[in-house]
Amino acid sequence: MTPITESPSLCLLADIPDGNAIEVEALVNGEVESLLVYRHGDEARAYFNVCPHAGRRLDYVPGKFLVRGGQIICAAHGATFTAESGDCTAGPCRGDRLRGVPVAVADGIVRLA
Ligand code: FES
């Protein structure tokens, strides 16, 4: 039985290849938002799918992200973000960061926290 206080689920952790990210649409603060959900082992991070450089989506085609070696690379102009923190480490918005969305993983399910 599902407790009524449970946070909305975004996806199964197993839906995300380890070290990669998928797109999930979710209701955040009353708005449907495109989110990037990144997996590292048993943990997940989520960010709005919006680059702080020019406000473009991060994916190169809908739902497909450039993620390599723990770095998320914006498909528009190549800004590079540390997947664990969202910090931009290279590119045109170096020093800025992705806007994070708090998530938690329990029983293999990624939920808004
Ligand atoms: S919009 Fe992402 S690097 Fe320019």
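Relevant structure appears above.
None of these values were measured; they are calculated from a predicted model.

(A) Region of interest: the overall build of the protein chain. A tally of regular secondary structure across the protein chain gives zero helices and 11 strands. Along the protein chain, helices and strands appear, N-terminal first, in the series β-β-β-β-β-β-β-β-β-β-β. Relative to the 2.2 N^0.38 estimate, which gives 13 Å for 113 residues, the radius of gyration of the protein chain is 14 Å and therefore close to what a compact globule would have. The dimensions of the protein chain, computed from C-alpha atoms along their principal axes, are 50 × 30 × 25 Å. Scored against the burial criterion, the 113 residues of the protein chain give a buried share of 36%. Considering only contacts within the protein chain whose residues lie at least 6 apart along the sequence, 41% involve residues at least 24 apart. Across the protein chain, the centroid of the 10 positively charged side chains sits 7 Å from that of the 14 negatively charged ones.

(B) Fine view of the sheet that holds strand 3 (residues 31-40). The sheet built from four strands is open, its strands ordered 2-3-4-9 with antiparallel pairing. Two strands lie at the open edges of the sheet, namely strand 2 (21-28) and strand 9 (100-101), each paired on one side alone. The pairing of strand 3 with strand 4 (residues 43-48) spans six bridges and is classified as antiparallel. Directly across from Leu 36, in strand 4, lies its bridge partner Tyr 47.

(C) Local environment of the sheet that holds strand 7 (residues 80-82). Sheet architecture is open: four strands sit in the order 5-6-7-8, paired in antiparallel fashion. Since the sheet does not close on itself, it has two edges, and those belong to strand 5 (66-68) and strand 8 (88-90), each with one partner. Strand-to-strand twist of the sheet, defined as the mean angle between neighbouring strand axes without regard to direction, takes the value 35°.

(D) Representation of the nonpolar core in the model. Grouped together as the largest cluster of nonpolar side chains are 17 residues, with contacts concentrated most on Leu 10, Cys 11, Leu 35, Val 37, Val 103 and Val 110. Secondary structure elements with two or more residues in this core: strand 1 (9-12), strand 2, strand 3, strand 4 and strand 11 (109-112). The element contributing the most residues to this core is strand 2, with four residues. Setting aside anything within four residues of it in sequence, one finds Val 37 in contact with Leu 10, Cys 11, Ile 16, Asn 20, Ala 21, Ile 22, Val 24, Ala 44, Arg 45, Ala 46 and Val 110. Ala 21, Tyr 47, Phe 65 and Phe 81 belong to the second largest nonpolar core, which has 16 residues in total.

(E) Spotlight on unusual backbone geometry. Although it is not a glycine, Asn 29 sits at a positive phi angle of roughly 50°. Along the chain, the position of Asn 29 falls in the loop between strand 2 and strand 3. Asn 29 sits in the exposed class, given a relative accessible area of 75%. In this model, Asp 107 sits at a positive phi of 55°, which is unusual for a non-glycine residue. Following the sequence through the fold, Asp 107 ends up in the loop between strand 10 (103-106) and strand 11.

(F) Quick peek at the packing of aromatic side chains. For the coordinates displayed, the defined rule picks out zero aromatic pairs. We note Arg 99 situated over the ring of Phe 48; from NZ or CZ to the ring centre the distance is 4.0 Å.

(G) Seen up close, the pairing of strand 2. Sheet topology places strand 2 next to strand 3; eight bridges connect them, and they run antiparallel. Note that in strand 3 the partner of Val 24 across the bridge is Leu 35. Linking two consecutive strands that pair antiparallel, namely strand 2 and strand 3, is a turn of two residues; a positive phi of about 50° is found at Asn 29 within it.

The rules we used
- Residue numbers run consecutively from 1 along every chain, following the written order of its sequence.
- Only residues with pLDDT of 70 or above have their local features reported here, since the model is predicted, and side-chain atom pairs are shown and tallied only from 80 upward, although totals for entire chains, interfaces and linings are computed over all residues.
- Each side-chain value is worked out from all heavy atoms of the structure, with water and hydrogens disregarded.
- In DSSP terms, a helix is any run of H or I states spanning at least four residues, a strand is any run of E spanning at least two, and both are numbered starting from the N terminus.
- For this measure, only C-alpha atoms enter the radius of gyration; the expected value for a globule follows 2.2 Å times N^0.38, where N is the number of residues.
- A simple rule labels every residue: compare its accessible area, found with a 1.4 Å probe on the protein chains alone, to the largest value its type can have, and call it buried under 20%, exposed over 50%, or partly exposed in between.
- Contacts are residue-level and defined by heavy atoms, with any inter-residue pair within 4.5 Å sufficient.
- Counted charges follow a simple rule, with Lys and Arg positive, Asp and Glu negative, and His plus the chain ends left uncounted.
- By convention, the point assigned to a charge is CZ for Arg, NZ for Lys, CD for Glu and CG for Asp.
- Two strands make a pair as long as DSSP finds a minimum of two bridges between them.
- Angles shown run from 0 to 180 degrees and are taken between the N-to-C directions of axes, each axis being a line fitted to C-alpha atoms and, for helices, limited to the stretch in contact.
- Take the buried Ala, Val, Leu, Ile, Met, Phe, Trp, Tyr and Cys residues and link them wherever side-chain atoms come within 4.5 Å; each set so joined is a nonpolar core.
- The aromatic pairing rule takes the rings of Phe, Tyr and Trp, using the six-membered ring of Trp, and pairs them if the centres are within 6.5 Å, calling planes under 30 degrees apart stacked, those over 60 edge-to-face and the rest tilted.
- Note on geometry: a ring has a charge over it if NZ (lysine) or CZ (arginine) is within 6 Å of the ring centre and within 35 degrees of the ring normal.

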